[in-house]
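A closer look at the structure
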Amino acid sequence: MNVVVLAGGLGGSRLARALAEAIDPGELTIVGNVGDDVEILGLHVSPDLDTILYTLTGRLDETKGWGRAGETWNALETVAELGGESWFRLGDLDLGVHLVRTEALRRGEPLSAVTARIAGAFGLEPALLPATDERLRTWLATPAGELPFQEWFVARGHRDEVDGVRFEGAEAARPAPGVLEALEAADLIAIAPSNPFVSVGPILAVAGIREALEARLVPAVAVSPLIGGEAVRGPAARMLARMAGGTSPAHVAGRYEGLIDALVIDEADADTDAGVRTIATRTLMDDAEGRRRVAEAVLESAAALR
Ligand code: GDP
Ligand code: CA
């Protein structure tokens, strides 16, 4: 049972973990968003890849939903003391990953290769692939002007309304090595309950990946990131309301038109027509039982579609 999951950070890593616990983790490939990647203090940070790495290897700070458990902030305190860039929260444990990644990229190692090395060292069982090795960056059109992703999300706390998204570099971006092969070998393609605009959007902006989904011969199932029309965390509901015109399952499914065969939704959203087959369950994955339930819904809906 080969499964590929397209994933952002929190919702992405939660579904990836759920699937890794439900199937042979060696048969899972996670394709991660790199549109949030950012250069801070000379370091290349890949927040979504790292959230996935940390979540699936027991290193995530579960309370915050990002960063490392048991983190300390000594380096960043010195940065702040020296008037350096300290708005992007890089902890001491986290910094080690960024140092190794940045050094490798400077030597010319592709992001996919250094990600695989770090994942192997951390004991990650599923394959973790960036959507692309090329530079791809998310920009947001807001009433305050166009903002780079992390300036909007972290520095300004995603308070600006979003009127559009743009993926710089997407035209030239090719799928990272292994992505198309994994999609080709998949028995099931899953889209995580990640933000459709800024987490899944940049992955699907890589033409080769979108085309592989359009041409799929196997079921593709998305999990809605909304529960009762609200995001578990972050701006997904506000963005859907403003850019897609609503927060119903139909509005979520509409983001993936032609790319999915079914949508797993929460029971709190159950009584609307989404335009694709829906499977209603409780979709919060903050414990093992929740993860088991959602993984089962995804795997069973795929089996029913086959
Ligand atoms: P980010 O990169 O950390 O912002 O993460 P993602 O885009 O992958 O995930 C953010 C989205 O995940 C939000 O829209 C949340 O509503 C959704 N989300 C987080 N946890 C859960 C969960 O347990 N269940 C569901 N259904 N959605 C979740
Ligand atoms: Ca993210």
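All chains use their own residue numbering, which begins from 1 and follows the written sequence. Labels are handed out in written order, letters beginning with A for the chains and numbers beginning with 1 for the ligands. The predicted nature of this model means local features are confined to residues of pLDDT at least 70 and side-chain atom pairs, given and counted, to a pLDDT of 80 or more, with totals for whole chains, interfaces and linings taken over all residues. Working from all heavy atoms in the structure, the side-chain values ignore hydrogens and water.

Remarks on the pairing of strand S10 (residues 220-223)
Of the two faces of S10, both are covered, the one formed by Ala220 and Ala222 as well as the one formed by Val221 and Val223. Where strand S9 (residues 188-191) meets S10, three bridges bridge the pair, whose relative direction is parallel. Within S10, the position partnered with Ile189 by the bridge is Ala220. By definition, two strands form a pair when at least two bridges between them are found by DSSP. Runs of H or I in DSSP of at least four residues are treated as helices and runs of E of at least two as strands, each being numbered from the N terminus. Judged from the three bridges that link them, S10 and strand S13 (residues 262-266) form a sheet pairing that is parallel. Note that in S13 the partner of Val223 across the bridge is Val264. The classification of residues rests on relative accessible area computed with a 1.4 Å probe and restricted to protein chains. Under 20% of the type maximum is buried, over 50% is exposed, and intermediate values are partly exposed.

Notes on the site of ligand 1
Close to ligand 1 lie 20 residues; Ser194, Ser199, Pro225, Val232 and Met285 are nearest. Measuring from an oxygen atom of ligand 1, one finds a backbone N or O atom of Gly12 at 3.0 Å. Thr283 has a polar backbone atom sitting 2.8 Å from a nitrogen atom of ligand 1. In these tables, accessible area is a Shrake-Rupley quantity obtained with a 1.4 Å probe, and a residue counts as shielded only by the protein chains included in the view. When ligand 1 is considered free in solution it has 590 Å² of accessible area, and contact with the protein chains removes 95% of it. Examining the composition of the shell around ligand 1, we find that four residues originate from one element, helix H1 (residues 10-22), more than from any other. Polar here means any residue other than Ala, Val, Leu, Ile, Met, Phe, Trp, Tyr, Cys and Pro, which are nonpolar, and Asp, Glu, Lys and Arg, which are charged; Gly is therefore polar. Taken together, the residues of the shell around ligand 1 sort by class into eight nonpolar, nine polar and three charged. A single heavy atom is enough: if one lies within 4 Å of a molecule or strand, its residue is considered near that molecule or strand. Distance and chemistry together define a polar contact, namely a pair of N or O atoms within 3.5 Å, with one atom able to donate a hydrogen and the other to accept it when in protein, and with adjacent residues in sequence counting only for side-chain atoms on both sides.

Section: helix H12 (residues 288-305)
To estimate how far a helix should extend, the number of its residues minus one is multiplied by 1.5 Å. When the terminal C-alpha atoms of H12 are compared, their 26 Å separation across 18 residues agrees well with the 26 Å that a helix rising 1.5 Å per residue should span. When H12 is considered as a whole, its buried residues turn out to be Gly290, Arg291, Arg293, Val294, Ala295, Ala297, Val298, Leu299, Ser301 and Ala302. Only heavy atoms matter for contacts: two residues are in contact if any of them lie within 4.5 Å across the pair. Lining the buried residues of H12 we find strand S1 (3-7), H1, S9, S10, S13 and strand S14 (277-281).

Quick word on the layout of surface pockets
The space that makes up the largest pocket amounts to roughly 830 Å³. For each structure, a 1 Å grid was placed over the protein atoms alone; sets of points admitting a 1.4 Å probe that cannot get out are labelled cavities, open sets with protein on both sides within 12 Å along at least five of seven lines are labelled pockets, and lining residues have an atom within 4 Å of a point. Gly9, Leu10, Asp48, Phe153 and Arg233 are the residues nearest the centre of the largest pocket, which is lined by 42 residues in total. Of all elements in the fold, only H1, helix H2 (47-56), helix H4 (92-106), helix H6 (149-155) and helix H8 (196-204) reach the threshold of two or more residues within the lining of the largest pocket. Of the residues forming the lining of the largest pocket, the biggest block, five residues, is contributed by H2. Grid points are joined across faces, edges and corners, and a volume is the space filled by probe spheres set on the points.

Some remarks on the packing of H2 against helix H5 (residues 111-122)
How two helices sit against one another is set out by the angle between their axes and by the gap between those axes. Structural elements are reduced to axes, namely lines fitted to C-alpha atoms, with helices fitted over the stretch in contact, and the angle between N-to-C directions of any two is expressed from 0 to 180 degrees. Contact pair H2 / H5: the axes reach a minimum separation of 10 Å and the direction vectors enclose 20°. Taken together, the axes of H2 and H5 are roughly parallel relative to one another. Relative to H5, H2 is oriented so that their crossing is right-handed. Counted together, Leu49, Leu53 and Tyr54 of H2 and Leu111, Thr115, Ile118, Ala119 and Phe122 of H5 form the full contact between these two elements. For the contact of H2 with H5, the class distribution of residues is seven nonpolar, one polar and no charged. Should an angle fall under 35 degrees it is called roughly parallel, over 145 degrees roughly antiparallel, and 65 to 115 degrees roughly perpendicular, with every other angle called oblique. The sense of a crossing depends on the near helix, which, turned anticlockwise from the far helix by less than a right angle, makes the crossing left-handed and, turned clockwise, makes it right-handed.

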